[in-house]
Amino acid sequence: MPDTSKADAAHEEVQIAASPSMCFGIAADFEEYPSWAADVKSVEVLEHAPDGRATRVEYHASALGRSVRYVLAYDFAAAPRAFSWSLVEGDLVRAIDGRYEFEANDGGTLVTYDLRVDLAMPLPGLLKRKAAGMITGAALQGLKRAAEAGG
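On a predicted model such as this, the values are computed, not experimentally measured, just so you know. (Residues numbered from 1 in each chain as written. Predicted model: local features only at pLDDT ≥ 70, side-chain atom pairs only at ≥ 80, totals over all residues. Heavy atoms only, no water.)

## Describing the overall build of the protein
Item 1. Scanning the protein from terminus to terminus reveals three helices and seven strands.
Item 2. In the protein, which comprises 151 residues, the proportion classed as buried is 40%.
Item 3. Summed over all atoms, the accessible surface of the protein reaches about 7700 Å², with 52% contributed by carbon and sulfur. (Helix = DSSP H or I, 4+ residues; strand = E, 2+ residues; numbered from the N terminus. Buried < 20%, exposed > 50% of the residue type's maximum accessible area, 1.4 Å probe, protein only. Areas by Shrake-Rupley, 256 points an atom, 1.4 Å probe, with all protein chains shown as cover.)

As structure tokens, this is what we get:
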């Protein structure tokens, strides 16, 4: 398990005018991320659970002007209310641990995104914290657009 003690954390929430099940479905359909998550360039599911859910996924993304490759392991124990992930391996990152939570709220869904990220490149703490916040904010806005467009 990577040392995440130096990871920077971000917490974001967004209200989405779509059902929790739709929001969960979009967020858990990793192969579709390049269509709505701006920085994700390609995705390959490496392993599936017996129920068909992806449990290990490789991403190629752009971050801070660089190309980044990483593999995440997913935990669906709290599904369909939430799911989480942690870094298995990657370049330019030492930790990517996160969680999406989906709560019915005001006829839609309150989606919460918690992320701890530690980039392996030397950056001041302020820039690392800003990067974590930009990742969560962009992901939630992309998820909101996709869900409110009907998936």
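On we go.
## So, the environment of F102
Item 1. Turning to its location among the elements, F102 is positioned in strand β6 (residues 93-105).
Item 2. By relative accessible area, which is 3% here, F102 ends up buried.
Item 3. For F102, the residues in contact, after removing those within four places along its chain, are P20, C23, F24, A27, P80, R81, A82, F83, T109, L110, V111 and L143. (Contact = heavy atoms within 4.5 Å.)

## Here we look at the pattern of salt bridges
Item 1. Under the definition given, this model contains eight salt bridges.
Item 2. A salt bridge links R69 to E58; the shortest N-O distance between them is 2.7 Å. Placement of R69 in strand β4 (residues 66-75) and of E58 in strand β3 (residues 54-63) is noted, with a sequence separation of 11 residues between them.
Item 3. One salt bridge in this structure joins R81 and E101, with 2.7 Å as the shortest N-O distance. Residue R81 is found in the loop between β4 and β5 (82-90), and its partner E101 is found in strand β6; the two are separated by 20 residues along the sequence.
Item 4. A single network of salt bridges, built from pairs that share partners, joins E58, R69 and E89. (Salt bridge = Lys/Arg side-chain N within 4 Å of Asp/Glu carboxyl O.)

## Quick notes on unusual backbone geometry
Item 1. Here A79 and P80 are connected by a cis peptide whose omega angle stands at 5°.
Item 2. Note on placement: P80 falls in the loop between β4 and β5.
Item 3. The backbone of L92 shows a phi angle near 65°, a positive value even though the residue is not glycine.
Item 4. Positionally, L92 belongs in the loop between β5 and β6.
Item 5. For D106, which is not glycine, the phi torsion reads 50° and is therefore positive.

## A look at the confidence of the model for the protein
Item 1. With 85% of its residues at a pLDDT of at least 70, the protein reaches an overall mean of 87.
Item 2. Averaged pLDDT values over the elements of the protein bottom out at 76 in helix α3 (residues 125-148) and peak at 97 in helix α1 (residues 20-27).
Item 3. Segment residues 1-5: pLDDT under 50, and six contacts once partners within four positions in sequence are set aside and those in other chains are kept. (pLDDT = per-residue confidence, 0-100.)

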